[in-house]
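Residue-level listing of the chains:
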Amino acid sequence: MFSADDLPAFEPPEFDQPEGEDGEERPPLRGTTTPPAGLRDVDWASLEDAYDTAEDTPLFIEALTSDDDGDQIFGAYGLHSATTHQGSVYTASGAAIPFLADLVRRDNTMALMFLARIAVGETHFVARPDDVARATSEYAGAVAEFAADVEEMWNRTGDDEALRLLVLLGREPKGLPALTPDATAGLCLAHGFLAARDNGVAPGLPRRTDARVDHVAAARDLMTGSPSLHVRCAATVCLVHSGFADDDSLALLHHLAQGEYPVHDVWTGDLADLAASAWTFGTDDDGLLTAPGNSRPNLHSRLLERMARQFRSSGRTYRPLAPEELTAAQRTTLETALRSSPSAITGADVDYLWIDVPGTVEAAHRLLGTATGELTRRTSRGLLWFVLEDDLLARDDRESALAALAEVDAWAALGEVFTALKPGGTEESISLTTRHFLGDGRETALTFALCSVFADALAGHRAQAEAFLDGWLPTVSEVDGYDLAFRVPGERIGTALAALARSGGLPERFHPMVKPYHRFPEYSTVPLPLLRELAGALPGGVPAEWQDD
C-alpha cells in the first residue's frame, strides 16, 4: 500500500541562468557560420511566419550554426517567436524542416528542439498519450521523413529530445533499451507512450490488449525502489499510460501532484504537472468526482475531463444533444458543474475540447429540463431552444426556426436568447450555445443569424418593438463609441429596428439609432451586416466605413 513516508527526498537540480543577449545589434551575425546548403535558394519572402513574410527565417537558421553565443540566442529567439510562435506553424515552418534536419545531422540540439516544435508544438501541448493527435501539426509528416536522422542523433548523443520526438511521431527507435534499475525518466516515459498506443489505452478505461507488457515488471520495481523521486514518478506514469493503473500508482501520482518538483526533463518542467496529468488519465469517471475537492487537479479540470470522455466530438460546428440523448453520467457531470464549478461550462477551456456540451448555464439547465420560459416550449418542430441551436445555428434552417417561433411569444423568446450579463445590467450575452473562437468570424455570423430570424418572426410585434426602442432612444442618441456597446442592449435594439424596417418601414424617429454600437463598426453589438441592411434603407445609404473589406 502506498505511503508518502516511503518516498525518497526530492533533490531539485541546479538550473543554469540562461545567457542573456550581448547587446550587439543583429543582423549582421558576429560569428563564423556554416549554414545548410541551399538555405538561400528558397524564396523565403514569399512565405509567411507569425508576423509577416519570412525573409528573416534563413538568417535565424544560419545563426544556430554560429560559433558566437549571441548569434545562437538571436537565431533561437527568432525561430521561437516567428517560425514556431506559441506552437503554431506557418509556411516558413514547413520550408525550414529540411535545413533544420541538416543541422540535426550535425548534432545541433537547438535545431532538434525546433523540429520537435514544428511537429508537435510546445512541450506542454503533450502531457499524456491522447494529447499527441491534438498536438500533431500539419508538418509532422514532413518532420517524420527525417526520423532516421533524429534516431541517429539519439544513438550518438543520448539526447532525450530526440527520443521524445521519435516517440511522439509514432516511431520506436531500434536501440530502445529495456527498463533497468538505472533507467532514466525519459526512457520510462517513452515506453509508456508507446505502450499506450500498442495496448489501446484510453483515459479512465482498462487497456484493450497486452501487446506491450515486457517493461511493466521493471517499471513496478522502479516505482517502489528507485532512489530518485524523478524516476519513481516517471515509472509510475509509465505504468498508468501502459494501462496498469492501480490504487498504489494513482495514490502516488495524486500525492506528487500536490507539490512542486522542478526538473530538467524534455517531457515536463515539473513532476507535479506530469503526475497530475497522468493521475487524470488513469482515473475512472467516478474517481474524478470523489477526489478531495481542494486538491490538484481541481474540480474544474476534473469536470472538463469527464466532459471530454462523455460528450461526443463536435468538430467546428456545435450540435446540441437532445434531452432524450442525455445519459445518467452526462447528467451527473452537468449537475455537478452547475452546483460547484459553473466555469467548467461557461469558460473558454471547454471550447477547445471540441465537444457537444452546453456552453452557458441557461443552456445546461434547458438540456437537464430544469429551466422554464419560452425557449423551453415544445413546438411542432421540437423544443424551441433545440430548434434554434440545431436547425438555425448548426444547419442554417431558417424555415424551421421561423415555424417554431410562430407558435410561441417571439418577443419574450428574444429576451431569453439575449440576456443581461449581470443582474440589472444592459450588456447582453447569448444564452444559447454558440461555439466560436476569437477571430474566426463565427460570433458575428451566429449573432446575425439570431437577430435576423427574430426580426422576421417579430413582424406582428410592431407595437412592442416601438415601445422598446422608444425607451432606449434617449440613451442611444446621447452615447457613442465604447460606452454604447456596454450601456444598451444592442442585439435586441438591432433586432427590433430590423423587425420594423422589414415589416412596413422604420419610423423616422428611430433613424438616429442606426449607427455602430462600438467605436469600431466591426465589433458593434448590433451585427454589422444588420447595420448595413438598415442603413441601406435610409436616405444617406451605407457609410463607406461600414462597407465590406
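Read on for an overview of the structure. Here the structure is a predicted model, which means the values were calculated and not measured. (Residues numbered from 1 in each chain as written. Predicted model: local features only at pLDDT ≥ 70, side-chain atom pairs only at ≥ 80, totals over all residues. Heavy atoms only, no water.)

Of regular secondary structure, the protein possesses 26 helices and four strands. Counting across all 549 residues of the protein, residues that qualify as buried make up 53%. By sequence separation, contacts in the protein at least 24 residues apart represent 65% of the contacts at least 6 residues apart. Accessible surface, the protein as shown: approximately 24,800 Å² in total, 49% of it carbon and sulfur. (Helix = DSSP H or I, 4+ residues; strand = E, 2+ residues; numbered from the N terminus. Buried < 20%, exposed > 50% of the residue type's maximum accessible area, 1.4 Å probe, protein only. Contact = heavy atoms within 4.5 Å. Areas by Shrake-Rupley, 256 points an atom, 1.4 Å probe, with all protein chains shown as cover.)

This part takes up the side chain of Q330. Tracing the backbone shows Q330 in helix α16 (residues 328–340). A distance of 2.9 Å separates a polar side-chain atom of Q330 from the backbone nitrogen of T327. With sequence-adjacent residues up to four places away left out, Q330 is seen in contact with Q310, F311, L321 and E325. (Polar contact = N/O pair within 3.5 Å; in protein donor to acceptor, adjacent residues only side chain to side chain.)

Tracing the chain through its elements places G369 in the loop between α18 (361–368) and β1 (378–379). Residues G369 and P323 lie 46 residues apart in sequence; the distance between their C-alpha atoms is 7.5 Å.

Buried residues of α18: A363, A364, R366, L367 and L368, and no others. Packing partners of the buried residues in α18 comprise α16, α17 (343–346), α19 (384–394) and α21 (410–417). Of the residues one or two after α18, G369 is the one with positive phi, at around 80 degrees.

Below, the discussion takes up a negative patch on the surface. Together, E48, D52, E55 and D56 line one region of the surface with negative charge. Residue placement: E48 occurs in the segment before α1 (57–63). Accessibility expressed as a relative area gives 52% for E48, which makes it exposed. (Patch = residues over 30% accessible without salt bridge, like charges linked within 9 Å, V, L, I, M, F, W, Y side chains within 5 Å. Salt bridge = Lys/Arg side-chain N within 4 Å of Asp/Glu carboxyl O. Lys, Arg positive; Asp, Glu negative; His and termini not counted. Charge placed at Lys NZ, Arg CZ, Asp CG, Glu CD.)

Of all hydrophobic cores here, the largest spans 97 residues; its most connected members are I61, L100 and L165. The next biggest cluster of nonpolar side chains, apart from the first, holds 76 residues, and it includes L321, L334, F468 and L528. (Core = buried A, V, L, I, M, F, W, Y, C linked by side-chain atoms within 4.5 Å.)

What follows concerns the pattern of salt bridges. Under the counting rule described, the total for this entry stands at 35 salt bridges. A salt bridge links D391 to R395; the nearest nitrogen and oxygen atoms lie 2.5 Å apart. When its relative accessible area of 9% is taken as the criterion, D391 is described as buried. Connected via shared salt-bridge partners are R128, D130, D131, R134, D285, E305 and R309.

The subject of this paragraph is the packing of helix α9 (residues 185–198) against helix α11 (residues 229–241). At their nearest, the axes of α9 and α11 sit 8 Å apart, and the two run at 5 degrees to each other. Between α9 and α11, the angle falls in the class roughly parallel. Of the residues in α11, those in contact with A185, C188, L189, H191, G192, F193, A195 and A196 of α9 are H230, V231, A234, A235, V237, C238 and H241. (Axes fitted to C-alpha atoms, helices over the stretch in contact; angles between N-to-C directions. Parallel < 35°, antiparallel > 145°, perpendicular 65-115°, else oblique.)

With the rule as written, the count across this model stands at eight aromatic pairs. On the numbers, 6.1 Å between centres and 50 degrees between planes, the contact of W44 with F99 is tilted. Highlighted residues: W44 in the segment before α1 and F99 in helix α3 (residues 91–104), separated in sequence by 55 residues. Owing to a relative accessible area of 9%, F99 belongs among the buried residues under this scheme. (Phe/Tyr/Trp six-rings, centres within 6.5 Å; stacked < 30°, edge-to-face > 60°.)

A contiguous nonpolar patch, built from Y482, F486, F520 and Y523 and spanning about 430 Å² of accessible area, is present on the exposed surface. Mapping F486 onto the fold places it in helix α24 (residues 481–487). Classification of F486 by relative accessible area gives partly exposed; the value is 44%.

Its location among the elements puts S524 in the loop between α25 (490–502) and α26 (528–536). Taking relative accessible area as the criterion, S524 reaches 10% and is therefore assigned buried. The residues touching S524, leaving out its near neighbours within four places in the chain, are P516, Y517, H518 and L531.

The subject of this paragraph is the packing of helix α10 (residues 216–225) against α11. Put simply, α10 and α11 touch, their axes get as near as 8 Å, and they point 145 degrees apart. As for how α10 packs across α11, the hand of that crossing is left-handed. Here V216, A219, R220, L222, M223, T224 and G225 of α10 come into contact with α11, specifically with V231, R232, A235, T236, C238 and L239. (Left-handed = near helix turned anticlockwise from the far one by under 90°.)

Moving on: unusual backbone geometry. A negative phi angle is the norm for most residues apart from glycine, just as the trans form is the norm for most peptide bonds. Cis rather than trans, the peptide bond between P27 and P28 has omega equal to 5 degrees. If you trace the backbone, P28 turns up in the segment before α1. A cis amide bond links R296 to the next residue, P297, at an omega of 0 degrees. With respect to the secondary-structure elements, P297 resides in the loop between α14 (285–290) and α15 (299–310). The phi dihedral of Q86 is positive, around 50 degrees, even though this residue is not glycine. Here Q86 lies in the loop between α2 (69–83) and α3. Phi is positive for D396, close to 55 degrees, though the residue is something other than glycine.

Right, let's talk about α21 for a bit. Of the residues making up α21, those classed as buried are A410, W411, A413, L414 and V417. Down the axis of α21, the buried set is contained in an arc of 160 degrees. They therefore lie on one face. Here α21 starts with a cap whose side-chain oxygen sits 3.2 Å from the backbone nitrogen of W411, and that cap is D409. (Arc of directions from axis to C-beta.)

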